[in-house]
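Survey of secondary and tertiary structure
Each chain, written out:
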Amino acid sequence: MRIGTFDLDQFYPETHLQTVTAATLLTVPTLATGSFVAGVSALGLAWVARQSITAWKRDSCLLGSDLDVIDTRDHAAANTNNDVTARLRKATGNQDLTAIESRSAQYRLLSVANDDPAQIAKVLPRIASVLGVAPDALGWIPTAGRDLSIILAPLERAEWLPVAFDESALTPGKLIGYVGRDVLGNHVTYSRQDAPHMLISGTTRSGKTEAIRADLQSMRLSGLKPEIHIIDAKGTLCREQCATFTADMGEGLATLQDIVIRARERIKEIVAAGCDNWFQYRAKYPDVCPAPIMVYVDEYPQLRALDKEAVETVVGELTRVHAASGVFVTLGIQKPKADTLPTEIRDMFDIRLAMRVPDSKSSMVAIDEPGAEGLPGAGAFMFRNGGDSVVRGRGAFMVLAA
């Protein structure tokens, strides 16, 4: 298949007019004359004709094909590029290398039947040369399957397609966050019940603020009427619907301290009801359970600079203790560094979303893995949910730069 096209004839050639016509001409006259055996034989010939056309049009498999079960809608987002595949195979000598166009992200996917890092490293320069990209712009997913790797090559900006926010991936009554789609087009989501706090890293125009907006929308659509508090030094989130918004860091610290006081009272109520946490309390007493409190702090270093000790104390208590009270924290940070985001604070954030960051050290702080420094920007992400492996993809609601 060619880039950007999708030919249904490749998948269902049995619906071609000539096939239907042949079957009709062969079967109707014979059945009309009352010859059952001749009619059945004609039907058999029509079936063979249909299979032959299918094989000729598709994959040379006469008596059936795995492609018969392919849902074309599910595969429209990731189509094999035969032209690029042929050139790559010739350049590398690897007949198992397949180029796929991922339309849900900024990447061309190269599927390789090899997961040996040394062997992959040898072919990267040749792959980069064929694709016309810098070798260090290529990404690599080593454990895509048994003896299978995926190499990621960035597409030209003009080829990028937006990823729309898809609320069908959410679950009413649950705090599910929608991140976007991975490089294969699958939804990327997470649950605040399993991982309550989120760290979003990314430099200017990498998509960090849009990722926060997508999460805000996810929480609103939960149906749980969350109480949202936003502290944003730049003020870019000022139009978001919320209980409180401030760009003043002094007011922001006061807001957090007030939430801590309320959370302490909440936990007393939850424990007195015989529950361990807010989720249990809500399941047992849905009519009296208070709304979840969602705290978003964008440009966290600006808040921390106001009063390092006070800010780390309040953020530490909220993240260590008060997820049980129904308080969920999201921090946004442009340049994650160990000295501005200490390990004891960072480790409280199970959900890590890294957009493009300045360097590999920042990537290690942001996602516990290098690679985020090479992301192409405008929403490209590396995402980790707790101890799961890193997922690459593109975030929802991204605003593409001109």
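Position numbers for residues start from 1 in each chain and track the written sequence from start to end. The model is predicted, so local features are restricted to residues of pLDDT at least 70 and side-chain atom pairs to those at 80 or more, both for listing and for counting; the totals for chains, interfaces and linings are taken over all residues. Processing note: side-chain calculations cover all non-hydrogen atoms of the structure and skip hydrogens and water entirely.

Per an unreviewed UniProt entry, the protein chain goes by the name FtsK/SpoIIIE domain-containing protein and belongs to Thiothrix lacustris.

Some points on the confidence of the model for the protein chain
A residue's pLDDT is simply how confident the predictor is in it, with values from 0 to 100. When pLDDT is averaged along the protein chain, the result is 82; 79% of the residues meet or exceed 70. It only takes one pair of heavy atoms within 4.5 Å for two residues to be counted as in contact. Between residues 54-77, whose pLDDT stays under 50, and residues either more than four places distant or in other chains, the model counts 37 contacts.

Here we look at the environment of Gly395
Secondary structure elements are defined from DSSP: runs of H or I of at least 4 residues count as helices, runs of E of at least 2 residues count as strands, and each element is numbered from the N terminus. Along the chain, the position of Gly395 falls in strand β15 (residues 391-395). Judged by relative accessible area, Gly395 falls into the buried class, the value being 3%. Ignoring sequence-local partners within four residues, the contact set of Gly395 consists of Val163, Val179, Gly180, Gly379 and Phe381. The classification of residues rests on relative accessible area computed with a 1.4 Å probe and restricted to protein chains. Under 20% of the type maximum is buried, over 50% is exposed, and intermediate values are partly exposed.

Some details on the sheet that holds strand β8 (residues 198-201)
Taking strand neighbours across the sheet as the criterion, the ten strands line up as β7-β6-β15-β14-β13-β8-β12-β11-β9-β10 in an open arrangement whose pairing is mixed. On the outer flanks of this sheet lie β7 (187-191) and β10 (244-246), each paired with one strand and no other. Across the sheet, the axes of successive neighbouring strands diverge by a mean angle of 25°, strand direction being ignored. Two elements, strand β14 (residues 380-385) and β15, share four bridges in a ladder whose sense is antiparallel. Paired with Ala380 across the strands is Arg394, a residue of β15. By the convention used here, strands pair only if DSSP detects at least 2 bridges between them. The angle between two axes is taken between their N-to-C directions and runs from 0 to 180 degrees, where each axis is a line fitted to C-alpha atoms and a helix contributes only its stretch in contact.

Describing the nonpolar core
Buried Ala, Val, Leu, Ile, Met, Phe, Trp, Tyr and Cys residues that are joined via side-chain atoms within 4.5 Å together make up what is termed a nonpolar core. Residues Trp278, Tyr296, Leu353 and Phe383 are the most contacted members of the largest nonpolar core, which totals 30 residues. Breaking this core down by element, the ones donating at least two residues are β7, β8, α6 (208-220), β9 (227-232), α8 (278-284), β11 (293-298), β13 (351-354) and β14. For Tyr296, the contacting residues outside a window of four places in its chain are Arg192, Ile212, Asp215, Leu216, Met219, Ile228, His229, Ile230, Ile231 and Thr330. Grouped together as the second largest cluster of nonpolar side chains are 25 residues, Ile231, Ile259, Leu318 and Leu341 included.

Concerning the side chain of Arg392
Tracing the backbone through its elements, the reader meets Arg392 in strand β15. Residues counted as positive are Lys and Arg, residues counted as negative are Asp and Glu, and His and the chain ends are not counted. Salt bridge, as used here, is a side-chain nitrogen of Lys or Arg placed within 4 Å of a carboxyl oxygen of Asp or Glu. For Arg392, which is buried and forms no salt bridge, the nearest opposite charge comes from Glu369, at a distance of 6.0 Å. Sequence-distant contacts of Arg392, that is, excluding residues within four places in its chain, are made with Tyr107, Leu152, Asp182, Val183, Gly371, Leu375, Phe381 and Met382.

Examining unusual backbone geometry
Residues other than glycine predominantly adopt negative phi, and peptide bonds predominantly adopt the trans conformation. Positive phi is not limited to glycine here, since Arg205 has a value of about 70°. Counting through the fold element by element, Arg205 comes out in the loop between β8 and α6. Of note in this structure, Glu299 is not a glycine but carries a positive phi near 60°. Relative to the helices and strands, Glu299 is located in the loop between β11 and α9 (300-306). Residue Glu299 is classed as buried on the basis of its relative accessible area of 8%.

A closer look at the packing of aromatic side chains
Aromatic rings from Phe, Tyr and Trp, with only the six-membered ring used for Trp, were paired whenever their centres fell within 6.5 Å, and each pair was classed as stacked if the ring planes differed by under 30 degrees, edge-to-face if by over 60, and tilted otherwise. A complete count under the given rule lists five aromatic pairs for this structure. When the ring of Trp278 is compared with that of Phe279, the centres are 5.0 Å apart and the planes differ by 80°; the resulting orientation is edge-to-face. Its relative accessible area of 1% is what places Trp278 among the buried residues. The interplanar angle of 55° and the centroid separation of 5.5 Å between the aromatic rings of Tyr281 and Tyr285 together place this pair among those described as tilted. Linked through ring pairs, Trp278, Phe279 and Phe328 together constitute an aromatic cluster.

Side note on helix α4 (residues 82-92)
Of the positions making up α4, those classed as buried are Val84, Thr85, Leu88 and Thr92. Take α4 and look down its axis: the buried residues cluster within an arc of 100°, on one side only. Measuring from the side-chain oxygen of the N-cap residue of α4 to the backbone nitrogen of Asp83 gives 3.2 Å; that N-cap residue is Asn81. Note on α4: the residue one or two positions beyond its end, Gly93, has a positive phi of about 75°. What the arc covers is the set of directions going from the helix axis to the C-beta atoms. As used in this structure description, the phrase polar contact means that two N or O atoms lie within 3.5 Å; if the pair is within protein, one of them must be able to donate a hydrogen and the other to accept it, and residues adjacent in sequence are counted only when both atoms belong to side chains.

A word on the state of the cysteines
Pairs of cysteine sulfur atoms within 2.5 Å are what we label disulfides. Tallying each qualifying case throughout the model produces zero disulfides. Here Cys289 is not cross-linked by a disulfide; its sulfur's nearest cysteine counterpart is in Cys275, at 8.8 Å.

Describing the UniProt feature "binding site: ATP" (unreviewed entry) in the protein chain
UniProt positions are given in the numbering used here, feature names are shortened, and annotations may be inferred rather than shown by experiment. The residues that UniProt annotates with the feature "binding site: ATP" (unreviewed entry) are Gly202, Thr203, Thr204, Arg205, Ser206, Gly207, Lys208 and Thr209. Among the secondary structure elements, Thr204 is positioned in the loop between β8 and α6. Apart from residues lying up to four places away in sequence, Thr204 is in contact with Gln334 and Arg356. Structurally, Lys208 is set in helix α6. Since its relative accessible area comes to 3%, Lys208 is described here as buried.

Re the pattern of salt bridges
Taken as a whole and assessed by the stated rule, the structure comprises 16 salt bridges. The partner of Lys308 in a salt bridge is Glu312, and the shortest N-O contact between them spans 3.8 Å. Of this pair, Lys308 and Glu312 both sit in helix α10 (residues 308-320), four residues apart, roughly one helical turn. You can call Lys308 partly exposed: its relative accessible area is 46%. Among the residues examined, Glu312 registers a relative accessible area of 15% and is labelled buried.

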